[in-house]
Structure formats: C-alpha cells, structure tokens
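Structural description and commentary
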Amino acid sequence: MHVHRFEKLWFGAALLLIVAFIATIVYGAAGPGVAMVSDDGGTIDADKVANGNFNQTDNFRSPGVYRENGQVHVYIVARQFLFNPGTSQAIEVPANEQVTFHVTSADVMHGFNLAGTNVNSMVIPGQVATFSVTFDETGSHGIVCHEYCGSGHHTMAGKLTVVSQSQFELAPDADAVEASGGS
Amino acid sequence: MATEHPDNVTDAPGETPEETDESYVEIDGTERRRAFVDRYPNAAQAVRVLFGVSFLSFAVGALFGLVQALHRTGVLRVIASADYYTILTAHGVLLALVFTTFGITGLFHWANTRSLGVAPTSQRLTWLWIGTMTLGTLFAGSTIVAGLFPDIPASADVLFTFYAPLEAHPLFYVGAALLIVGSWIAGVDWFLQYREWRSANPDSRIPLQSFMVMTTMLMWYLSTLGVAVEVVVFLIPWSLGLIGQVDPLLTRTLFWYFGHPVVYFWLLPAYMIWYTVLPKLAGGRLFSDPLARVVFVLFLILSTPVGFHHQYTDPGVPAGFKFVAMTNTMFLLLPSLLTLFTVVASIEHGARQRGGEGYLSWLRSLPWDRPAFTGIALSGIMFGAGGFSGMINAGMNINYLVHNTLWVPGHFHLTVGTAFALTLMAVSYWLVPQITGKRLKLRGVAALQPYVWFLGMVLMSNAMHRAGLAGVPRRTAEPEYQQFSYDTVVGGIAEMQMQIALGGTVLFVGAVMFLAVMLATWTLSPPNANLRVNGELPEPLSTATDSPKVLDNLKLWFAVAVVLVVLAYGIPLYSMVADGILSPGSVPFPV
C-alpha cells in the first residue's frame, strides 16, 4: 500500500495535535485545578427533596447557606421554575474563599449556570451535584437554568451576589444549625 | 482490484469504464445516458420515496427553525413562549432524526446498490423498513404537533433529547423506536445485498461505497442499542404506567450512549459523498482508497465509547470516566483530520486536471458554478469551523464555559446543519436526476443556493457561538432575564440577536430555494429527458488493491468496537444500576 509522504507528515501532525489537546486538559486539571462535577455528591430520593424532608437525607440540608467546619456550603433545590435559594432572594457568598455548592432537583432535569462563567452543572433528580468555587471578585452573577424543564423554562433564573468577607454574614438560623453541629 | 464499476464494463485496474453502447439507453425514441433509474428501477423508486419524506420533513423543520430564530431574538413572535418548546421539539426531531435518517438511508440504498452492482434482494424487505420508519415518523410527528392544540390530549414537548422525568405521550416513544427499528432492517437489506455480491465475487475487495455503508451501519447497530434499551425497556412502560419510576441519570446516559454516535451517523454519509463523489465533481479522482477505509474503520471503533463527553457537567458520573471519554473523543479527531487531507488533496488533483496551477490559484479552476460541487465544497469548509468548535466542546475544562449555552447549537448547525444538510442538498442536484430520469430544473436558483445557505449559516452560527461565550443559554424561548444582563466578549447582545434573526431568515430562503428546485424538477421536468449527468465514479489514484486485507475484516473491527464500549461504559453503567435498576427513581412529569 502506497502512503504518500505528505499523508505520513499529516498523520504525524494530527497525532501531535491530539496529544497536545489532551496535555492541555491534563494541565488544566493538575495546574489551575479545574475539577469535574463527579459522583461525590451521592444520590438522593427526589421525593424527599420535593416534600422538604431534608432531615431524612444524609447528604443534603434545608436550602440555604451554611458554614460547616469553617467552610461555606450552599444547598440549592431547583424546581419548576425557580431556584431555592436564588430566585426569590439572591444567594450571598463571600469572595476569596472556597464555596461548595450542593444542587439537586425536586422534579425534572434542570441546569445551573452562572452566566458567562464556568460554574456550570446539570441538575438531575436523584443526584446531588457538588462543586467548589472560589470567587476572586465581588459583584453579582445571573443564575440560569440551561436545561429545558417545561413550558415556563424561560422564566427560571436567579441571582448570586459575591460580597467581601467582612460583609458576609450567615442568616441566624444557619448559624444555629452550625452551633448544633449539624452534618 | 476494487470493483467500483456499476456494470463491470471494464476490469482493467485503475481505469475509468469506457463508454460503450451499454452506457446509453433509448426511451420513447430518445437516446439518453443510462442512469441509475434505468439500471435499478426498484431501488431508484425506493430512493425517491426516502428523499421525498426527507425533503418534506426538511420543509416543515426549516419553517419551524425560522419561527424559533425570530422568536428567541424577539424580532417576531407569532406563537406563545410556552409553545416555543413544541416548535423546538418538532424542529429537532424532524431535522435531526427524520430528515437525516430518511436522507441517509436513501443515499445508502443508492450507494450500496451502485457500488456492488447488485439490485436489492427483496422489494418486500425494502418496503418493510421504509414503511416502519414512516409509521414511526407519523406517530412521533403527530404527537408533537398535537401539543399545539389544547383540545387534543396528547403532547410531546420533550425536545429531541426527551430526558426523563419529563414525560411525553407513549406514541412519541413508540414512534422513535419504530424509526430506529426501521433503520436496523434497512441495514439487513444492505448486508443481504453484500452477501449476494460476495457469493459472485469471492476474492474481490469490498467496493468502497459499500464498505462505507456497512461500517457505518455496524456503528449504528452498536450505538442505537443504548437508545433502544432506554425507550423500549424504560420509557415506553413508564409512560404507559406499567412501571412507576425510572432513573433519570441512567436513561440520560443511555441516550448519550447513542447521542454522540448519532452525529457520526449523520456525518459518515456526508463523508462518503466527499470521498467518492466530490473528487469526480471537482474533475479528478479520490487520492487514496485505503486511507478512506482506515478512516471509516476508526469511526466504527471510536464513535461510541465517547458519549460521556456530553455529560461532563453531570453529577453521578465519576470524573475518571469523563476523562476516558475525553481521550477517546480527541482520538476521533484523527479520522476527521485525515479526511480533511484526502478531500483537499482530491479537490486539488481535480483542479489541476482542469488546468489549475500555483500554490492556491488552482482554487479558481474549480467548478464554482455547479451547485453539486459548490454545495459539497462549502459544506466541507464550514465543517472545518464546526470541527474546531467541536474540539473546544471536547475539552473537559473549557466545556464548563459553554455547556448548554447557545455555543452548542452554533456548533451543530455547522456540522449536522451544514456538513450533512448542505451535502445532502448538493448531492441531490447531481443524484435526483439519476434516480428520476429527469433533468434538473431552475438551474440558476440551484447554482446560487449553496452560497445562500453558507451566508445564512455564517451570520447565524458566529453570533450563536459568541452569545454562548457570554452565557446565553440554548433551548429557551426568551434568553433575556430580569435578574441580570450578559457581559459579552466580542460584540453586543443586540447585534448578535440581529445576526441570528437575519441568518435564520437567509437560511430559510436557502431551504425554500432548494425545495423549489426539487419540486420543479419532480413536477415540471419531462420524464426521460436527455440526461446530462454522468453517474460513473472514477477509480481512486491509489486503489484498494495493494492495501492490507485486514481492513475489510468487518467482524474484527466490530469486535474491537464492542470491547472499547465495554471498557468505557461497563463500570459506570454497572454502578448506576447496582443501586436498583429503577432508582434513584422519578415519577413521570407529563408535559
């Protein structure tokens, strides 16, 4: 079989390009530490989420912002057609420290994206999406549901506000949960 | 040697068939070039029906595309935003499933018959699969459209991906299943044809087009298994109330097990045309037959174990398996990059045969006034751009910036929406005369049409990509929100909206132009006219004769593909079903 010299050269260059692409992704994970949403969040009974029986689950809490073992955790429930919290009141998180989000669905599939950023996850009933973000700047971000979830899908949005650490305060009930040593 | 001669006029290696009296046929007193319709009238009739359904669904799907482009940009809203999703579901299903599947099976029915030189073995079998696919289309299509009428108690506004637990009417799922089962039977039809050819040609290499048809179908069998299990085992019983719940992550994973290979099911028929027809239209020959075989074998092996790259942002899927899918996806670039080389080399060869010279000025010697050539060439150029945005999608890290944003439809309107769609339209200008025996009408309109499509897609797709970078989501009737406004990287949101609306309108004009040419050819052109089109395909410059025989060992390549699928999917699928095949479960949420 005759393989032209240019074909061989092209074949080599193509392989090099592919290996280089894979290398950039490995670097992205190892260097800047871009992590994938994974299976760490565990599974959850979507019925319990829909009925608000969060105390019957071991990997989710009543929607809100908490400090657990010194770290900020945000628990968000997506449902047709709102984020709780996020839609009726903005989610407030501090800048320059790691914030861990836990997002799940009370009904159908949704999406959770801070518009224009790489904070982006599917929200799948039965699964808890867990991911950590450090916001370098204060300011606000729009939250978009980016997966079609029914006839009112285009109304499903919210807001997240990043404040400086000195301005960041947890709601009193959240403090209470921490004081009682909740999960 | 490769048996690429439809009627074995000559057996001299490396030569095009000589024209003989056999190449002409006399009908009603006029002598004309013998076309596919004269050699295989039954196969030609089947291809006509397949193209008919394909183009009809293209017409409806394109109209719905225009409605969406104008609606989501706020330019013109003729429907309520809640109905947008009915229109979007119909657009996705009609174009990505019906227009494609019928167009592809039409192309394959022609290509397999032409290259083997053997008529399909059973007309009843052919009509069985065409009937099954058509029935499926009617079921799925009617339940979707019923969503527009509140009085009809059926609806299927679940989009092309039909993620559970949103629930469509059971007929929608049954229709989708029938469409796929029909395509499976189509494959049987072509393998039987191959078997008949093989019994008469025990030592020959598989003709190239038939090789491409069969490798694509083997890939299709392997990959549609996922969606078949999803629909038949889970969604149909669930929508009928026979089982109470399904696991949304499991059904979604089964969908994407099929959802990426399906794009190769769209693309490979286009590649088949680029490899086997485009060089001839450019005035030359295919550069290398063995390399084309290598490319199709790579697609058979690598197309399926990549589905998790659509699930980079999914919870419940271990990151390691996302990495495996990413690596496989990157290696899938190889056959496409090899295709780029071969296609460009073949076109350049054609241009030089036509007297082209210089490093790049040979481009001017190509037949840019012939719609079959320009359409395929422009679709190839646009696929280059789509390929690059696809490489970005495949990168796990950067994917988080663009997942489910308007970037994604911007990408696939370049691939399925141009590389496939414009190739099918363009090859129709060449092929429809051969399957109807009628000369093409409105040739001036046809000559302009590929440029119109190209222009519309440049406008729409560039703006969609940029809007996606700003975070504008896909699949929404109204992408503007009260809570915030978008920070754009290049250009402004209003400007992008205008380009999307304008581009969508130009694309619709392009679709109408194509349909007008087809309709005029079909209805106005006298039958058995003096055909000018010559359906012979020349031998490649480098033939299959001296390439390794193992390339034609389809059983081996299929086995390798199965092993890779087991490696990529075995553990994650096992862990999803280990906690109960229906749990964590979701009850239906009817739309």
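Residue numbers here run from 1 along each chain, matching the order of that chain's written sequence. Whichever chain is written first becomes A and whichever ligand is written first becomes 1, with later ones labelled in order. In view of the model being predicted, local features appear only for residues whose pLDDT reaches at least 70, and side-chain atom pairs are presented and counted only at 80 or more, with totals across whole chains, interfaces and linings using the full set of residues. Only hydrogens and water are set aside when side-chain values are computed; all heavy atoms of the structure are taken into account.

1. Details of the sheet that holds strand S4 (residues 91-94) of chain A
All names here are of chain A. Spatially, S4-S10-S9-S6-S7 is the arrangement adopted by the five strands of the open sheet, whose pairing is mixed. Of all strands in the sheet, those bounded by a partner on one side alone are S4 and strand S7 (120-123). Averaged over all adjacent pairs, the angle separating strand axes in this sheet is 20 degrees, with direction ignored. For two strands to be treated as a pair, DSSP must find at least two bridges joining them. Per the convention used, a helix needs a DSSP run of H or I reaching at least four residues, while a strand needs a run of E reaching at least two, with both numbered from the N terminus. Inspection of the sheet shows strand S9 (residues 139-144) paired to strand S10 (residues 157-163) by six bridges, in the antiparallel sense. Across the sheet, the residue bridging to Gly 139 is Val 162, located in S10. In this analysis an axis means a line fitted to C-alpha atoms, helices contributing only their contacting stretch, and an angle means the value between N-to-C directions, from 0 to 180 degrees.

2. Some thoughts on a nonpolar patch on the surface
All names here are of chain B. Patch rule: a residue counts if its relative accessible area is over 30% and it has no salt bridge; like charges are joined within 9 Å, and nonpolar side chains (Val, Leu, Ile, Met, Phe, Trp, Tyr) within 5 Å. For every accessible area listed, the method is Shrake-Rupley and the probe measures 1.4 Å; residues are considered covered only by the protein chains on display. Salt bridges are defined as contacts in which a side-chain nitrogen from Lys or Arg sits within 4 Å of a carboxyl oxygen from Asp or Glu. A surface patch of nonpolar side chains, amounting to about 380 Å² of accessible area, comprises Val 75, Leu 76, Val 78 and Met 498. The topology assignment puts Val 75 in the loop between helix H2 (41-72) and helix H3 (84-116). With a relative accessible area of 45%, Val 75 lands in the partly exposed category. Relative accessible area decides the class of each residue, using a 1.4 Å probe on protein chains only: under 20% of the type maximum gives buried, over 50% gives exposed, and in between gives partly exposed.

3. Thoughts on helix H18 (residues 554-578) of chain B
All names here are of chain B. The end-to-end C-alpha separation of H18 is 34 Å, in line with the 36 Å expected for 25 residues at 1.5 Å each. Fitting axes to the seven residues ending at a residue and to the seven starting there, one defines the bend at that residue as the angle between these axes. If you look at H18, its biggest bend is around 45 degrees, right at Tyr 569, and the proline Pro 572 turns up within four residues after that. Every buried residue belonging to H18 is among Leu 554, Trp 557, Ala 561, Val 565, Ala 568, Tyr 569, Pro 572 and Met 576, and all of these are buried. Should any heavy atoms of two residues lie within 4.5 Å, those residues are counted as being in contact. Against helix H6 (208-239), helix H7 (248-259), helix H10 (289-302) and helix H11 (319-331) lie the buried residues of H18. Any helix carries an expected span of 1.5 Å times its number of residues minus one.

4. Some points on the packing of aromatic side chains
Pairing of aromatic rings covers Phe, Tyr and the six-membered ring of Trp, with a centre-to-centre limit of 6.5 Å; geometry is then stacked below 30 degrees between planes, edge-to-face above 60, and tilted otherwise. In the structure shown here, the tally under the stated rule is 46 aromatic pairs over all chains. Ring geometry for Phe 108 of chain B against Trp 190 of chain B: centres 5.7 Å apart, planes inclined by 80 degrees, an arrangement best described as edge-to-face. With Phe 108 of chain B in helix H3 and Trp 190 of chain B in helix H5 (residues 170-200), this residue pair connects regions lying 82 residues apart in the sequence. Grouping residues by exposure puts Phe 108 of chain B and Trp 190 of chain B together as buried. Note on Phe 160 of chain B and Trp 266 of chain B: the rings are 6.5 Å apart at their centroids and 40 degrees apart in plane angle, and the pair reads as tilted. Taken together, the positions of Phe 160 of chain B in the loop between helix H4 (123-146) and strand S3 (166-167) and Trp 266 of chain B in helix H8 (residues 261-276) put the pair 106 residues apart, joining distant regions of the chain. Of the residues examined, Phe 160 of chain B reaches a relative accessible area of 15% and is grouped as buried. Looking at Trp 266 of chain B, the relative accessible area reads 7%, which means it is buried. One aromatic cluster is present, built from ring pairs that chain together Phe 160, Phe 162, Tyr 163, Phe 172, Tyr 173, Trp 220, Phe 255, Trp 256, Phe 258, Phe 265 and Trp 266 of chain B. A ring is scored as having a charge over it whenever the NZ atom of a lysine or the CZ atom of an arginine sits within 6 Å of its centre and within 35 degrees of its normal. Sitting over the face of the ring of Tyr 66 of chain A, Arg 61 of chain A holds its NZ or CZ atom 3.9 Å from the ring centroid. Across the ring face of Tyr 163 of chain B, the terminal group of Arg 252 of chain B is positioned such that the distance to the ring centre comes to 4.7 Å.

5. Thoughts on the side chain of Ser 81 of chain B
Within the secondary structure, Ser 81 of chain B sits in the loop between H2 and H3. Overall, Ser 81 of chain B belongs to the buried group, its relative accessible area being 12%. Engagement of the side chain of Ser 81 of chain B in a polar contact is seen with the side chain of Glu 478 of chain B, the distance being 2.5 Å. When near neighbours in sequence (up to four residues on either side) are disregarded, Ser 81 of chain B contacts His 154 of chain A together with His 71, Ala 477 and Glu 478 of chain B. Under the rule applied, a polar contact is a pair of N or O atoms within 3.5 Å (in protein, one hydrogen donor and one hydrogen acceptor; residues adjacent in sequence only if both atoms are side-chain atoms).

6. Some words on the interface of chain B and chain A
Each partner contributes residues to the interface: chain B has 69 residues there, and chain A has 63 residues. Between chain B and chain A, roughly 5400 Å² of surface is buried when both sides are summed, and carbon and sulfur atoms account for 71% of that area. It is Pro 315, Asn 397 and Tyr 400 of chain B that lose the most area in chain B upon contact with chain A, and together they represent 13% of the buried surface on that side. Seen at the junction of chain B and chain A, the total is one salt bridge. In this structure, the salt-bridge partner of Arg 475 of chain B is Glu 147 of chain A, at a minimum N-O distance of 2.8 Å. Where chain B meets chain A, there are 16 residue pairs in polar contact (both at pLDDT 80 or more). If you list the elements that add at least two residues to the side of chain B that touches chain A, you get H7, H10, H11, helix H12 (333-353) and helix H14 (396-402) of chain B. Per element, the largest residue contribution to the side of chain B that touches chain A is seven residues, and it comes from H11 of chain B. Gly counts as polar in this scheme, as do all residues outside two lists: the nonpolar Ala, Val, Leu, Ile, Met, Phe, Trp, Tyr, Cys and Pro, and the charged Asp, Glu, Lys and Arg. Residues belonging to the side of chain B that touches chain A are distributed by class as follows: 43 nonpolar, 17 polar and nine charged. The quantity reported as buried area is the accessible area (1.4 Å probe) lost by two parts once they are put together, taken as the sum for both.

7. Here we look at the confidence of the model for chain B
On average, residues of chain B score 93 in pLDDT, and 95% of them reach the 70 mark or higher. Each residue carries a pLDDT value, the predictor's own confidence for that position, ranging from 0 to 100. Note that residues 1-19 of chain B has pLDDT below 50 and, in this model, 48 contacts with residues that lie over four places away or in other chains.

8. Quick look at the nonpolar core
To qualify as a nonpolar core, a set must consist of buried Ala, Val, Leu, Ile, Met, Phe, Trp, Tyr and Cys residues joined through side-chain atoms within 4.5 Å. Phe 101 and Phe 112 of chain A together with Trp 110, Phe 172 and Trp 430 of chain B are the most contacted members of the largest nonpolar core, which totals 231 residues. The greatest single-element share of this core, amounting to 19 residues, is contributed by H3 of chain B. Domain ranges listed in this record stem from an automatic or a database domain assignment. Both domain 1 (1-34) and domain 2 (46-179) of chain A contribute no fewer than three residues apiece to this core. Residue contacts for Trp 110 of chain B: discarding those within four places in its chain leaves Phe 36, Val 47, Gln 209, Met 272, Ile 273, Val 277, Trp 430 and Leu 431 of chain B.

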